[in-house]
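Residue-level structure breakdown
Each chain, written out:
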Amino acid sequence: MTANWFPLWLSLRVAVLATLVSVAFGLWMAWVLANREFRGKELVYALVTLPLVLPPTVLGYYLLVVLGTSSPLGHLYESLFGAPLVFTWQAAVVASTLHAIPLLTKSARAAFETTGRNYEKAARAIGASDWRVFWRVTLPLSRRAVAAASLTAFARALGDFGVTLMIAGNLPGKTQTAAVGIYDAIQRGDTRAARVLVLALSVATLAIVYAANRLGPRPVAE
Amino acid sequence: MIEARINKRIAPSLDSAGFSLDIEFQARSGVTALFGTAGSGKTLTFDAIAGFVRPDAGRIMLDDRILFDADSRVHLKPQQRNCGYVLQCDGLFPNMTLRENLIFAADRLPRLERHRRVNETVERFQLTGLAGRRPQEISRGERMRCLLARALMSAPRVLLLDEPSHGLDAPSRTELHRLLRAVQGDFPIPILLATHDLEECFQLADEMLVLRDGRIAQSGSPREILEQPASVEVARLLGVSNLFQAEITALDPGRNTSRLRFQEHELTGTYFPGHLLGDRVWLCVRAGDLRVTGRNGARVEANQVPAKLLCVSEMPQSVRLEFSGDISVELARNEFERQKDNKDWLVEFPPAALRVL
């Protein structure tokens, strides 16, 4: 019997998409938190980082309520794409994204707040817009930290289990990611299938985390 | 011309004792030095002018533009202020070459114009051979040159230089001063120079503001200020080492003389307008204005004070002698060589050198 590679392939696809979304959102969020003063800023930050510590079941429950077929958002999605979001692989992307965003936001905010503040100031003083300062100064100077955070977020997205199970379900060949597949295989007593997935996930995430640590947030000298 | 009235309070926090800035000044084209120690409010003033700090009250005008006005709630963004600001901590982008740094500053110009300006600037600031290098690969003095060039790319209406000679060696410092004088000739804009170096004020500044604890303690030309410090604090900042409490015992405007008593000595000085008989004043004499002779048993003449030599310290061009009674004298080296075998010393206070505060 050949190994079933679908769960791994799906995990990879989900993780890539989740990383892209979380990098875009996380960098924006981090920039806002590092550069803008507004009331309730730290509350926003707390909400964004909450998925790191909230039990997956709680998070999954909220997502089911917010994105479920009877919710306004769920309705909107259904009318746009013709099918409900929950229990599809796209829902797994949402689940993974939610876990990847805090990792990115945390690291990127720390990097933006410490790296290159004076360079940003110099750039503004010579008339550069915020947008230009971000792309030409802030991001290049904190690229190592951002790259490391993106890798960590990718590794996290690759292995999401709880929330994915809650809102994407466990439909083999449809929504069954690697992490969920291992659980399923163990339940069935198929230790061989479980071992393949466990090994693949372990090696992949080890490599990614190692690379991320090597990149490390090495700050640019001021 | 720049006119600024800036009030800013910074509340005490864990890592600072709090600070309050309250200054008002004008600067015309030419160099105006903001002279003060670290923590006197120089950088905060610059940050307020350049738009990085919002003052609590006041008004900042650059030519006929309002940059900040507390009453009408105008607070332009740094990008809109047209200030050339050279930060204390360098600030050349390490991820770009020097040429790219200049191009970054000329971004708003049309392409051809930008190209022309960059080339022109590279030449004027003698960066031709360096333009392709990164800031990490060139010397501190060359970086300073490039920073000035970059700050002037966008044709600013005021130039703010925060401790530009900080960390430069003597030759680079001389070169920077030469460059700044050239810039001053080419760009008829106000140049504000934050510094804690009195020599730099004398070499470059037309006007000088002495900053102390967020207030302007005195303003005027460097020469005026050194000649007549407004207070004993200013005199200390200027490095005047002979400051004694004294009493005015006689004043004669007709003969332009006065008498002062300090410690147990009587000194004759010129007439001090604006003071009364019996006033307790600070007697202020620069170390270089005092003269010394050997006593060798001679009588103590008028304006001479016998003193014991406590300590001699060598300086590059001169020798500094510390005497009993907290008197410091600075003396040319050959003068000291001639006199160094004196046993007892007389310190002479020339009448014209005496200032009272």
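About the thresholds
Residues numbered from 1 in each chain as written. Chains lettered and ligands numbered in written order. Predicted model: local features only at pLDDT ≥ 70, side-chain atom pairs only at ≥ 80, totals over all residues. Helix = DSSP H or I, 4+ residues; strand = E, 2+ residues; numbered from the N terminus. Buried ≥ 20, exposed ≤ 12 C-beta atoms within 10 Å, placed from the backbone. Pairing = 2+ DSSP bridges. Contact = placed C-beta atoms within 7 Å. Axes fitted to C-alpha atoms, helices over the stretch in contact; angles between N-to-C directions. Parallel < 35°, antiparallel > 145°, perpendicular 65-115°, else oblique. Left-handed = near helix turned anticlockwise from the far one by under 90°. Nonpolar A, V, L, I, M, F, W, Y, C, P; charged D, E, K, R; others polar. Domains from an automatic or database assignment. Expected span 1.5 Å × (residues − 1). Arc of directions from axis to C-beta.

**A word on the environment of arginine 214 of chain A**
Residue and element names in this part refer to chain A.
- For arginine 214, the location among the structural elements is in helix α11 (residues 191–215).
- Given 11 C-beta atoms within 10 Å, arginine 214 falls into the exposed group.
- The spatial distance from the C-alpha of arginine 214 to the C-alpha of leucine 59 is 32 Å, given a sequence separation of 155 residues.

**Description of the sheet that holds strand β6 (residues 74–75) of chain B**
All names here are of chain B.
- Strand order in this open sheet of 5 strands is β2-β1-β4-β5-β6, and the pairing throughout is antiparallel. Either end of the sheet is taken by a strand with one partner, and the two such strands are β2 (19–27) and β6.
- The pairing of strand β1 (residues 2–10) with β2 spans 9 bridges and is classified as antiparallel. Its bridge partner being in β2, asparagine 7 is matched across the sheet by aspartate 22.
- Of the strands in this sheet, β1, β2 and β4 (57–62) touch helix α1 (residues 42–50), which is tilted by about 115° from β1.

**Quick look at helix α4 (residues 72–81) of chain A**
- With 1 of 10 residues buried, α4 of chain A lies mostly on the surface of the structure.
- With its phi angle positive at about 80°, glycine 82 of chain A sits one or two positions after the end of α4 of chain A.

**Here we look at the packing of helix α6 (residues 117–125) of chain A against helix α7 (residues 130–141) of chain A**
Residue and element names in this part refer to chain A.
- Interhelical geometry of α6 versus α7 gives an angle of 165° and a closest axis separation of 10 Å. Put simply, α6 runs roughly antiparallel to α7. When you trace α6 past α7, the crossing you get is right-handed. The segment α6 lies against α7, with Tyr119, Glu120, Ala123 and Arg124 engaging Val133, Val137, Thr138 and Leu141.

**Digging into the packing of helix α5 (residues 89–114) of chain A against helix α8 (residues 143–158) of chain A**
Residues and elements named next belong to chain A.
- At their nearest, the axes of α5 and α8 sit 9 Å apart, and the two run at 160° to each other. As far as their axial angle goes, α8 and α5 are roughly antiparallel. Crossing geometry of α5 relative to α8 is assigned as right-handed. Contacts between α5 and α8 involve Ser96, His99, Ala100, Leu103, Leu104, Ser107, Ala108 and Ala111 from the first element and Ala145, Val146, Ala148, Ala149, Ser150, Thr152, Ala153, Arg156 and Ala157 from the second.
- Broken down by class, the residue content of the contact of α5 with α8 amounts to 11 nonpolar, 5 polar and 1 charged.

**Points about the sheet that holds strand β22 (residues 355–356) of chain B**
All names here are of chain B.
- Taken in spatial order, the 5 strands of this open sheet run β14-β13-β12-β15-β22, and their pairing is antiparallel. In this open sheet, the two strands that pair with only one neighbour each are β14 (265–269) and β22.
- Bridge analysis of strand β12 (residues 242–252) against strand β15 (residues 280–285) gives 6 bridges, and the strand direction is antiparallel. Of the residues in β15, the one forming a bridge with phenylalanine 244 is leucine 283.

**Side note on unusual backbone geometry**
All names here are of chain B.
- Positive phi values are uncommon outside glycine, yet aspartate 63 reaches one of about 50°.
- Along the chain, aspartate 63 falls in the loop between β4 and β5 (65–69).
- Overall, aspartate 63 belongs to the exposed group, with 12 C-beta atoms counted inside 10 Å.
- One non-glycine residue, glutamate 163, lies in positive phi territory at about 45°.
- Mapped onto the secondary structure, glutamate 163 falls in the loop between β8 (158–162) and α5 (170–186).

**Some words on the domain arrangement of chain B**
- Domain boundaries assigned for chain B yield domain 1 (2–225) and domain 2 (240–356).
- For domain 1 of chain B versus domain 2 of chain B, the distance between C-alpha centres works out to 40 Å.

**Details of the pairing of β1 of chain B**
- One ladder, built from 6 bridges, connects β1 of chain B with β4 of chain B; its direction is antiparallel. Residue pairing for β4 of chain B: asparagine 7 of chain B is matched across the bridge by alanine 57 of chain B.

**Considering α5 of chain B**
All names here are of chain B.
- Between its first and last C-alpha, α5 extends 25 Å over 17 residues, near the 24 Å set by a 1.5 Å rise per residue.
- Within the span of α5, buried status applies to Arg173, Leu176, Leu180 and Val183. Looking down the long axis of α5, one finds its buried residues gathered within 75° of arc, a one-sided arrangement. Of the exposed residues in α5, those oriented more than 90 degrees away from the buried face are Ala170, Pro171, Arg178, Arg181, Gly185 and Asp186.
- Check the buried side of α5 and you find it contacts α4 (140–153) and α6 (198–204).

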